[in-house]
Amino acid sequence: MLYYLFEFLEKNYQFPGASVFQFITFRAAMAIILSLLFSTIFGKRIILALQKKQVGESVRDLGLDGQLEKAGTPTMGGIIIILATLIPVLLLAKLDNIYVVMLIVTLLWMGAVGFTDDYIKVFKKDKAGLSGKFKVLGQVGLGLFVGAIMYFHPGITIKTEKVNPVNQTELVSKNSGPEFNTEEQSLKTTIPFVKDNEFDYSDLITWMGDGYAKYAWLIFIPIVIFIVTAVSNGANLTDGIDGLAAGSSAIIVFALAIFAFISGNIFFSDYLNIMFIPRLGELVVFIAAFAGALIGFLWYNTYPAQVFMGDTGSLTIGGVIAVIAIAVRKELLIPLLCGIFFAESLSVIIQVTYFKYTKKKYGEGRRIFLMSPLHHHYQKKGYHESKIVTRFWIVGIFLAILSIVTLKLR
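None of the values given here were measured: they were computed from a predicted structure.

**Re unusual backbone geometry**
Here is step 1 of the chain: Of note, the amide linkage connecting tyrosine 303 to proline 304 takes the cis form, showing an omega dihedral of -10°.
Here is step 2 of the chain: With respect to the element layout, proline 304 can be found in the loop between helix H10 (283–301) and helix H11 (310–327).
Here is step 3 of the chain: Look at the link from serine 372 to proline 373: it is a cis peptide, with omega at 0°.
Here is step 4 of the chain: Positive phi outside glycine occurs at methionine 76, with the angle close to 65°.
Here is step 5 of the chain: Mapped onto the elements, methionine 76 comes out in the loop between helix H2 (24–52) and helix H3 (78–92).
Here is step 6 of the chain: Its identity as a non-glycine residue notwithstanding, phenylalanine 193 has a phi of 65°, on the positive side.

**Overview of the packing of aromatic side chains**
Here is step 1 of the chain: All told, the structure shown has 14 aromatic pairs when counted by the stated rule.
Here is step 2 of the chain: For the ring pair phenylalanine 38 and phenylalanine 42, a centre distance of 5.1 Å and an interplane angle of 25° mean the geometry is stacked. A residue pair is termed a helical-turn pair when its members lie 3 or 4 positions apart in one helix, as phenylalanine 38 and phenylalanine 42 do in helix H2 at 4 residues.
Here is step 3 of the chain: A ring pair is formed by phenylalanine 199 and tyrosine 201, whose centres lie 5.6 Å apart and whose planes are at 80°; its orientation type is edge-to-face.
Here is step 4 of the chain: Taking relative accessible area as the criterion, tyrosine 201 reaches 4% and is therefore assigned buried.
Here is step 5 of the chain: Three or more aromatic residues joined by ring pairs make a cluster, and in this case those are Phe115, Tyr119 and Phe123.

**Focus: the packing of helix H8 (residues 244–263) against helix H15 (residues 385–405)**
Here is step 1 of the chain: Across the interface, H8 lies against H15 with an axial gap of 9 Å and an inter-helix angle of 15°. When the axes of H8 and H15 are compared, the pair comes out roughly parallel. Like other packed secondary-structure pairs, H8 and H15 cross with a definite hand, here right-handed. Residues Leu244, Gly247, Ser248, Ile251, Ala255, Ile258 and Phe259 of H8 pack against Val389, Phe392, Trp393, Gly396, Ile397, Ala400, Ser403 and Ile404 of H15.
Here is step 2 of the chain: Partitioning the contact of H8 with H15 into residue classes produces 11 nonpolar, 4 polar and no charged.

**Here's the deal with the nonpolar core**
As a rule of thumb, soluble globular proteins bury nonpolar side chains together.
Here is step 1 of the chain: Within the largest apolar cluster, 102 residues are counted, with the highest numbers of intra-cluster contacts made by Tyr99, Leu256, Leu283, Phe286, Phe290 and Ile321.
Here is step 2 of the chain: Take this core: its biggest share by element is 14 residues, from H10.
Here is step 3 of the chain: Beyond its immediate chain neighbours, meaning those up to four positions away, leucine 283 contacts Tyr99, Val100, Leu103, Ile324, Ala327 and Val328.

**Here we look at the packing of H2 against H10**
Packed helices, taken two at a time, are described by the angle between their axes plus the distance between the axes.
Here is step 1 of the chain: Remark: H2 packs on H10, axes separated minimally by 7 Å, with the N-to-C direction vectors making an angle of 30°. As summarised for this structure, H2 and H10 are arranged roughly parallel, according to the angle between their axes. Crossing geometry of H2 relative to H10 is assigned as right-handed. Touching Ile24, Arg27, Ala28, Ala31, Ile32, Ser35, Leu36, Ser39, Thr40, Gly43, Lys44 and Ile47 of H2 are Val284, Val285, Ala288, Ala289, Gly292, Ala293, Ile295, Gly296, Phe297, Trp299 and Tyr300, all from H10.
Here is step 2 of the chain: Across the contact of H2 with H10, the residue classes tally to 15 nonpolar, 6 polar and 2 charged.

The rules behind the values
- Residues numbered from 1 in each chain as written.
- Predicted model: local features only at pLDDT ≥ 70, side-chain atom pairs only at ≥ 80, totals over all residues.
- Heavy atoms only, no water.
- Helix = DSSP H or I, 4+ residues; strand = E, 2+ residues; numbered from the N terminus.
- Phe/Tyr/Trp six-rings, centres within 6.5 Å; stacked < 30°, edge-to-face > 60°.
- Buried < 20%, exposed > 50% of the residue type's maximum accessible area, 1.4 Å probe, protein only.
- Axes fitted to C-alpha atoms, helices over the stretch in contact; angles between N-to-C directions.
- Parallel < 35°, antiparallel > 145°, perpendicular 65-115°, else oblique.
- Left-handed = near helix turned anticlockwise from the far one by under 90°.
- Contact = heavy atoms within 4.5 Å.
- Nonpolar A, V, L, I, M, F, W, Y, C, P; charged D, E, K, R; others polar.
- Core = buried A, V, L, I, M, F, W, Y, C linked by side-chain atoms within 4.5 Å.

Encoded structure:
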């Protein structure tokens, strides 16, 4: 909203300083400041309101040190993250940008799914919460929406450089930079660590014949649904000890902000020889607000936590991260960039699969980990949760740096 106001003031009245709102970097900086201020200042009021409503966490006794002391801690704190993201975005972003609209819908969509789950747990006193099939239905619905937008919306395009057909080198105009083709809708993405690393999802079906290209959405949309569901559930599993999910997510989001800024800038994308995605740069404002909200939430969520994010926060975080990765065409980096989520999910899959296998073969279930997800395994080994969280953050930073390095490491 403020963007349009200052655009009007600049255009009609040459208002001093109004033109600064044209710069994405300025609005992104303002977004992260506003989200930090909101989450830290108003976050306390939201926590007090949750306490007043007796929105306390009911804790199952899993035999973990310090676990029972957390009973009664307010949950549904994901509301802080959602509001601290939404308000700066509405104030500072271009609301006619399709990427921003898609992320706002994602934020509210997954927030509603998570809120419903927490509401049933807290107010209906049903520890199971929202049925798993309804959670998955919400995730699949979001994936269907995002996949359809990415495929069909005319505002989602890429721009490729013109190359000499003889030697496959860039065409460069005299006294100017490389020449670009007109914008085109495309299902191209990037494969990490590979030279000439663009991959087109339509190739998965066009091998059957050129006429099948128009049916590429039948391949692409299910892939998007899988990514959204997997990352959302991964974030949900990671939310098990104080500060782990929020801190790990903030690291991931900062890396995605770099990808979005570079891919949305014609000069940087050309310099690094990566895909240029028009209008993507505006997404940096949303990502900055989201990062600020996560960091601000950590003010109250680090050990000992004054509030838990609940599924309202964890499902939302995972959904937003997945959609950002898809938008910046870096979804194939998710196993590396979101390595913490991946490891947590994998530990559960391995544990459950091995338990069922050994129970069928030997008559009793056996375990590989002391407890899953992975962070509980280390708790069972006697590590304090603060040490576990800090070390997971360090691993997350390493993975984020390695992911950024893939811009040139091919």
